[in-house]
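Each chain, written out:
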Amino acid sequence: MTDELPLRERKKLHTRQRISDVATRLFFERGFEQVTVAEVAKAAEVSAMTVFNHFPRKEDLFLDRIPEEIALWTEAVRERDPDESPLAALHRLALRLIDGNHPLSAVGYAPFWRVVLGSPALRARAREGSEELETAVASAIAETDADDASPRMTAALAVAAWRGACAASVGRVLGGERVDVVMREHRELVDRAFGALGGVLPLAR
């Protein structure tokens, strides 16, 4: 955990989080396109170079959980039980994220996605993030499941099921539906989506 890291690494993580928090606040207040990296750096009391050391692109200041998402998904595949398929491990992870109201579960964080949907640059980065996730998951499946003849297909369908369900449910919340109702039905939707994949992927086991 974070407390077990060396002091230097803890300081770096603290700085990264402070920059991200400041940037997120500014983006919510003024809109993504209206805030510059220089303004984020000034508000976070760091240099612009420090910002870019932690976030290679401005979009990553807001979509800062892409690396965490990739780590969670690949870890679920690599650390699953010997008798569990990659798809089953990802199914279990998806439900755990929803049950824990994790920020990556999307539905309870609809205002965040309103900012993303309102910015062409953020939408493009989100699509790239999905592609990065798919590639990483495919690699993890290929490394750990010799029986899967098409790890890229398995990864693509799993990511599509998750992304599609999240997009549908976030759209409902942004349309004015109650979050608690949508959240409950979102879990059911994700559960059904992954369950259906088990029927179309013969090697899902």
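All figures in this text were calculated on a predicted structure; none of them were measured in a lab. (Residues numbered from 1 in each chain as written. Predicted model: local features only at pLDDT ≥ 70, side-chain atom pairs only at ≥ 80, totals over all residues. Heavy atoms only, no water.)

**Student:** Give me the overall build of the chain: which residues, what numbers.
**Tutor:** Looking only at helices and strands, the chain has 10 helices and zero strands in total. Each helix and strand of the chain, ordered N terminal to C terminal, gives the series α-α-α-α-α-α-α-α-α-α. Scaling as 2.2 N^0.38, a compact globule of 205 residues should have a C-alpha radius of gyration of about 17 Å, and the chain matches this with 18 Å. Principal axes of the C-alpha set define a box for the chain whose edges measure 55 × 45 × 30 Å. (Helix = DSSP H or I, 4+ residues; strand = E, 2+ residues; numbered from the N terminus. Rg over C-alpha atoms; globule rule 2.2 N^0.38 Å.)

**Student:** Now, about the environment of Glu188: what can you tell me, with residues and values included?
**Tutor:** Within the secondary structure layout, Glu188 lies in helix H10 (residues 179–200). Taking the C-alpha atoms as reference points, Glu188 and Leu95, separated by 93 residues in sequence, lie 9.2 Å from one another.

**Student:** I'd like to hear about the side chain of Thr15, residue by residue, with values.
**Tutor:** As for its position among the elements, Thr15 is in helix H1 (residues 7–30). You can call Thr15 buried: its relative accessible area is 18%. Here Thr15 is in contact with Val46, Thr50 and His54, once residues within four sequence places are set aside. (Buried < 20%, exposed > 50% of the residue type's maximum accessible area, 1.4 Å probe, protein only. Contact = heavy atoms within 4.5 Å.)

**Student:** Could you give me a rundown of the side chain of Arg125, with the residues and numbers involved?
**Tutor:** With respect to the secondary-structure elements, Arg125 resides in helix H8 (residues 120–144). In terms of polar contacts, Arg125 uses its side chain to reach the side chain of Asp60, at 2.7 Å. With residues near it in sequence (within four places) discarded, Arg125 still touches Arg57, Glu59, Asp60, Leu63, Ile66 and Glu132. (Polar contact = N/O pair within 3.5 Å; in protein donor to acceptor, adjacent residues only side chain to side chain.)

**Student:** Describe the pattern of salt bridges, and please don't skip the residues or the numbers.
**Tutor:** Scanning the entire structure with this criterion turns up 17 salt bridges. Asp60 is paired through a salt bridge with Arg125; the nearest N and O atoms lie 2.7 Å apart. Remark: Arg125 occurs in helix H8 and Asp60 occurs in helix H4 (residues 59–62); sequence separation between them is 65 residues. Residue Asp60 shares its accessibility class with Arg125, and that shared class is buried. Of the charged contacts, one joins Arg65 and Glu68 as a salt bridge, the two residues approaching to 2.6 Å between their closest N and O atoms. With relative accessibility at 30%, the residue Glu68 sits in the partly exposed group. Residues participating in the shared-partner salt-bridge network are Arg57, Glu59, Asp60, Arg125, Glu128 and Glu132. (Salt bridge = Lys/Arg side-chain N within 4 Å of Asp/Glu carboxyl O.)

**Student:** Break down the layout of surface pockets for me, with residues and values.
**Tutor:** Any empty space left between atoms is shown by rolling a water-sized probe over those atoms. For the largest pocket, the calculated volume is near 820 Å³. Lining the largest pocket are 30 residues, with Leu63, Pro103, Phe112, Trp113 and Val116 sitting closest to its centre. In terms of residue count, the dominant contributor to the lining of the largest pocket is helix H9 (residues 151–174) (six residues). Counted by class, the lining of the largest pocket contains 17 nonpolar, six polar and seven charged residues. (1 Å grid on protein atoms, 1.4 Å probe; cavity = no way out; pocket = protein on both sides within 12 Å on 5 of 7 lines; lining within 4 Å. Points joined across faces, edges and corners; volume = space filled by probe spheres on them. Nonpolar A, V, L, I, M, F, W, Y, C, P; charged D, E, K, R; others polar.)

**Student:** Break down H8 for me, with residues and values.
**Tutor:** Under the 1.5 Å per step criterion, the end-to-end length of H8 is 37 Å for 25 residues, consistent within 8% with the ideal 36 Å. Within H8, the full set of buried residues consists of Leu122, Arg125, Gly129, Ser130, Leu133, Glu134, Ala136, Val137, Ala138, Ala140 and Ile141. Contacts from the buried residues of H8 go to H4, helix H5 (66–78), helix H6 (86–99), helix H7 (110–117) and H9. (Expected span 1.5 Å × (residues − 1).)

**Student:** Can you lay out the nonpolar core for me, pointing to particular residues and giving the numbers?
**Tutor:** In this structure, Trp73, Trp162 and Phe194 are the most contacted members of the largest nonpolar core, which totals 58 residues. For this core, the leading source of residues is H9, giving nine residues. Each residue touching Trp162, except ones within four places of it in the same chain, is listed here: Glu69, Trp73, Ala94, Leu97, Ile98, Leu104, Ser105, Val190 and Phe194. (Core = buried A, V, L, I, M, F, W, Y, C linked by side-chain atoms within 4.5 Å.)

**Student:** Before we move on, could you go through the packing of aromatic side chains and cite the residues and values that matter?
**Tutor:** Going through the model one piece at a time under the given rule, you end up with six aromatic pairs. A centroid spacing of 4.4 Å and a plane angle of 15 degrees characterise the contact between Phe62 and Phe112, whose relative ring orientation is stacked. Of the two residues, Phe62 is situated in helix H4 and Phe112 in helix H7; the sequence distance between them amounts to 50 residues. Pairing Phe112 with Trp113 gives two aromatic rings, centres 5.1 Å apart and planes at 85 degrees, and the pair type is edge-to-face. (Phe/Tyr/Trp six-rings, centres within 6.5 Å; stacked < 30°, edge-to-face > 60°.)

**Student:** Give a description of helix H2 (residues 37–44) that names residues and reports values.
**Tutor:** Because the α-helix completes a turn every 3.6 residues, residues three or four places apart line up on one side. Of the residues making up H2, those classed as buried are Val37, Val40, Ala41 and Ala44. Down the axis of H2, the buried side of the element spans an arc of 100 degrees, and every buried residue falls inside it. Within H2, the exposed residues directed more than 90 degrees away from the buried face are Ala38 and Lys42. Contact partners of the buried residues in H2: H1, helix H3 (48–54) and H4. Two residues or fewer after H2 comes Glu45, characterised by a positive phi angle close to 60 degrees. (Arc of directions from axis to C-beta.)

None of the figures reported here should be taken as evidence of function without further support.
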